[in-house]
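For reference, the chains in residue letters:
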Amino acid sequence: MKTATFILADTDEKTEAIAALAKVIWSQHFTPIIGKEQVDYMVEKFQSYPALKNQIGHDGYEYYQICIENTLAGYIGIHQEDGALFLSKLYIHEDFRGRHLATEAFAFLVSLCKERGLKKIWLTCNKHNDNTLSIYRHLGFEITDEQVADIGGGFVMDDYILTYTVF
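Residues numbered from 1 in each chain as written. Predicted model: local features only at pLDDT ≥ 70, side-chain atom pairs only at ≥ 80, totals over all residues. Heavy atoms only, no water.

### Observations regarding the overall build of the protein chain
Counting its regular elements, the protein chain contains 5 helices and 7 strands. From first element to last, N terminus to C terminus, the protein chain shows the α and β order β-α-α-α-β-β-β-α-β-α-β-β. The C-alpha radius of gyration of the protein chain comes to 15 Å, within 12% of the 15 Å expected for a compact globule of 167 residues. Principal-axis analysis of the C-alpha atoms places the extent of the protein chain at approximately 40 × 35 × 35 Å. Scored against the burial criterion, the 167 residues of the protein chain give a buried share of 46%. Of all intrachain contacts in the protein chain linking residues separated by at least 6 positions in sequence, the fraction that spans at least 24 positions is 62%. Accessible surface, the protein chain as shown: approximately 8,800 Å² in total, 51% of it carbon and sulfur. Computed over 15 positive and 23 negative side-chain charges, the inter-centroid distance for the protein chain is 4 Å. (Helix = DSSP H or I, 4+ residues; strand = E, 2+ residues; numbered from the N terminus. Rg over C-alpha atoms; globule rule 2.2 N^0.38 Å. Buried < 20%, exposed > 50% of the residue type's maximum accessible area, 1.4 Å probe, protein only. Contact = heavy atoms within 4.5 Å. Areas by Shrake-Rupley, 256 points an atom, 1.4 Å probe, with all protein chains shown as cover. Lys, Arg positive; Asp, Glu negative; His and termini not counted. Charge placed at Lys NZ, Arg CZ, Asp CG, Glu CD.)

This is the structure:
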């Protein structure tokens, strides 16, 4: 049974709501993994309202709200490139975890890929984000590479690259 709706963030208000939620989710989820200082830096650089607006307006990203009964429960950020869909962001607020929203979001993304003729979905995930890695593996993603990316401010992202082939 479908419980989530996916709403394109096509207004400033929707994008602002995603940025506000990002700050909450990142503080809760990533502080134990990468520390408060790096979380604050990454939220400002990649998840703040100005960053999201720039990604949408200049870089071709799309953002979707994940809503449960008109309540913002999470969000998705995607970018189409080279016949593939880059899943830049998929985050669920802790109050809504355990409801299989990642599975619903994944089905939504696979459907988008089929509509657009895209053959794969790929993403990066922190090597120490064990629970999230297990969810991606459960959904059928495979670790295909790893990378350490300098993101400025004295910080790096130490990630696996995961790929899913769309049939």
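What follows continues from the structure just given.
### Concerning the environment of I33
You can see I33 is positioned in helix α1 (residues 12–34). Counting along the chain gives 89 residues from I33 to W122, while the straight-line C-alpha distance between them is 22 Å. Setting aside anything within four residues of it in sequence, one finds I33 in contact with N126, H128 and N129.

### Description of the pairing of strand β2 (residues 62–68)
By the criterion of burial, β2 is predominantly enclosed, with 7 of the 7 residues buried. Side chains of β2 alternate between two faces, with E62, Y64, I66 and I68 and Y63, Q65 and C67 buried alike. Bridging between strand β1 (residues 4–8) and β2 involves 5 bridges; their strand directions are antiparallel. Paired with F6 across the two strands is I66, which belongs to β2. Pairing geometry for β2 and strand β3 (residues 71–81), over 7 bridges, is antiparallel. By the bridge assignment, Y64 is partnered in β3 with I76. Adjacent in sequence and paired antiparallel, β2 and β3 are bridged by 2 residues, among which E69 carries a positive phi angle near 45°. (Pairing = 2+ DSSP bridges.)

### Points about the packing of aromatic side chains
Scanning all chains against the criterion turns up 12 aromatic pairs. Geometrically, the ring pair formed by F6 and F108 is stacked, given 4.6 Å between the ring centres and 10° between the ring planes. Of this pair, F6 sits in strand β1 while F108 sits in helix α4 (residues 101–116); the two residues are 102 residues apart in sequence, bridging distant segments of the chain. F108 matches F6 in its accessibility class, with the two residues each being buried. Their ring planes at 35° and their centres at 4.3 Å tell us that W26 and F30 sit as a pair that is tilted. With W26 and F30 both in helix α1 and 4 residues apart, the pair spans about one turn of that helix. Joined through ring pairs, the aromatic side chains of W26, F30, Y75 and Y91 make up one cluster. The ring of Y160 has K127 lying over it, and the distance from NZ or CZ to the ring centre is 5.7 Å. (Phe/Tyr/Trp six-rings, centres within 6.5 Å; stacked < 30°, edge-to-face > 60°. Lys NZ or Arg CZ within 6 Å of the ring centre and 35° of its normal.)

### Notes on helix α5 (residues 130–139)
Since the α-helix turns once every 3.6 residues, residues separated by three or four places project in the same direction. Within α5 the residues assigned to the buried category are T132, L133, Y136 and L139. In a view along the axis of α5, the buried residues occupy a sector of 120°, so they form one face of it. Along α5, exposed side chains directed more than 90 degrees from the buried face belong to D130 and H138. Looking at the packing, one finds that the buried side of α5 touches α1, β4 (84–92), α4, β5 (120–126) and β7 (155–165). Phi turns positive one or two residues past the end of α5, at G140, with a value near 105°. (Arc of directions from axis to C-beta.)

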